[in-house]
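Take a look at the letters that make up each chain.
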Amino acid sequence: IDGTAIAVIGGGSVAAAVAAVLSLADPEKRRQLQAEEVGGGDKEVVREYFNNDGFQRWRRIYGDGDDVNTVQRDIRLGHSKTVDTVMKMLLEEGGLRGITVCDAGCGTGCLSIPLAKEGAVVTGSDISAAMVAEAEKQAREELPVQHGSELPKFQVSDLESLTGKYDTVICLDVLIHYPQAKADAMISHLASLADSRLILSFAPKTFFYALLKRVGELFPGPSKATRAYLHSEADVETALQRAGWKVRKRGLVTTQFYFSRIVEAIP
């Protein structure tokens with residue numbers, strides 16, 4: 001379910017039954033059809049999804065309303081914990097006032113706004129124009145002029161097109177849309193934009209999580225509209241090392257339907 005919501009199974013008998021029907025599902029065929037519908041590949045599917053049905057769904061999840069189901073509420077909790085963990089990592093190094101931060105894949109501003117409240121100079125970007133418009137709206141509502149914080153500057157952009165230099169670059173829960181080869185290139189690109197710190201979160205690739213993801217693909221629905229790629233921590237760390245960075249801090253956020261590994265790297 002959008003990569004971060006993964007079906008949970010338990011018990012050997014259930015696992016055995018699931019294994020017997022795995023071959024009946026054809027998620028790759030579904031993904032090809034999705035790409036053909038929008039006339040492109042993964043990026044175009046992601047852009048189309050998060051500008052339409054996905055925007056409505058994730059705006060509810062990232063919000064604080066009651067119009068979410070049990071799974072969505074759990075994902076909301078997990079994502080909120082990830083944001084809190086990242087803010088704690090950042091504030092352990094001191095205040096953020098005047099620090100330039102790029103929030104790559106900012107969504108509706110869940111991280112950009114707390115960063116701005118701490119005085120950071122924030123540039124947020126997202127592939128979805130709808131998400132960026134919502135982030136701008138939320139920032140205006142939550143960061144009144146009298147607060148003394150500078151409003152984040154938001155832009156519509158995919159990760160590949162980001163430019164500039166920042167003290168810190170943060171990319172949360174976006175690598176799930178990239179296969180490993182493209183994720184390696186993207187990590188290198190994000191590292192090139194950062195001067196002192198790069199923070200990434202991603203869905204961890206382990207045997208258990210990979211199995212749960214595969215099970216979830218047996219139950220297609222309107223919410224499962226993009227590919228979901230898991231990444232091993234070793235692969236992410238190797239990509240960082242190739243870019244000249246090393247992991248300094250690690251974190252892991254798990255709820256019933258949300259799993260996110262967090263790494264902070266420095267040159």
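Residues take numbers from 1 onward in each chain, read along the sequence in its written order. The predicted nature of this model means local features are confined to residues of pLDDT at least 70 and side-chain atom pairs, given and counted, to a pLDDT of 80 or more, with totals for whole chains, interfaces and linings taken over all residues. The basis for every side-chain value is the complete set of heavy atoms in the structure, and neither hydrogens nor water enter the calculation.

Some thoughts on the nonpolar core
Then comes step 1: Residues enter a nonpolar core if they are buried and are Ala, Val, Leu, Ile, Met, Phe, Trp, Tyr or Cys, with the set joined through side-chain atoms within 4.5 Å. Only protein chains enter the accessibility calculation, which uses a 1.4 Å probe; a residue whose area is less than 20% of its type maximum is buried, one above 50% is exposed, and one in between is partly exposed. Counting residues in hydrophobic clusters, the biggest one holds 37 residues, and the most contacted among them are Val86, Leu90, Leu111, Leu115 and Ile170.
Then comes step 2: Elements are defined by DSSP. Helices are runs of H or I of four residues or more, strands are runs of E of two residues or more, and each kind is numbered from the N terminus. When residues of this core are traced back to their parent elements, those giving at least two are helix H3 (42–51), helix H4 (53–62), helix H5 (70–91), helix H6 (112–117), helix H7 (129–142) and strand E4 (166–172).
Then comes step 3: The leading source of residues in this core is H5, at seven residues.
Then comes step 4: If we skip the residues at most four places from it in the chain, Leu115 touches Met87, Leu90, Leu96, Val101, Ala120, Val122 and Ile170.
Then comes step 5: Formed by 27 residues, the second largest nonpolar core is a distinct cluster that contains Ala104, Leu162, Cys171 and Val174. The contact criterion used throughout is that any non-hydrogen atoms of two residues lie within 4.5 Å.

Quick word on H4
Then comes step 1: Within H4 the residues assigned to the buried category are Gly54, Phe55, Arg57, Trp58 and Ile61. For H4, the buried positions fall inside an angular range of 165° around the axis, keeping them on one side.
Then comes step 2: Residues of H4 that are buried in the fold lie against H3, H5 and H7. The reported arc concerns the directions from the helix axis to the C-beta atoms and nothing else.

Quick word on the confidence of the model for the protein chain
Then comes step 1: On a scale of 0 to 100, pLDDT captures the predictor's confidence in every residue. When the pLDDT values of the protein chain are averaged, the result is 83; 75% of them are 70 or greater.
Then comes step 2: Low pLDDT, under 50, characterises residues 33–39; the stretch is placed with ten contacts to residues that sit more than four places away or in other chains.

Regarding the packing of helix H8 (residues 180–193) against helix H10 (residues 233–242)
Then comes step 1: Only the stretch in contact is used when a helix axis is fitted, and all axes are lines through C-alpha atoms; the angle between N-to-C directions ranges over 0 to 180 degrees. In the contact formed by H8 and H10, the axes pass within 9 Å of each other and the chain directions differ by 40°. When the axis of H8 is compared with that of H10, the two are oblique. Crossing geometry of H8 relative to H10 is assigned as right-handed. Counted together, Gln180, Asp184 and Ile187 of H8 and Asp235, Val236, Ala239, Leu240 and Arg242 of H10 form the full contact between these two elements.
Then comes step 2: Of the residues belonging to the contact of H8 with H10, the class tally is four nonpolar, one polar and three charged. For classification purposes, an angle smaller than 35 degrees is called roughly parallel, one larger than 145 roughly antiparallel, one from 65 to 115 roughly perpendicular, and anything else oblique. Working rule for handedness: look at the near helix, and if it is turned counterclockwise from the far one by less than a right angle, call the crossing left-handed; if clockwise, right-handed. Each residue gets one label: Ala, Val, Leu, Ile, Met, Phe, Trp, Tyr, Cys and Pro are nonpolar, Asp, Glu, Lys and Arg are charged, and the others, such as Gly, are polar.

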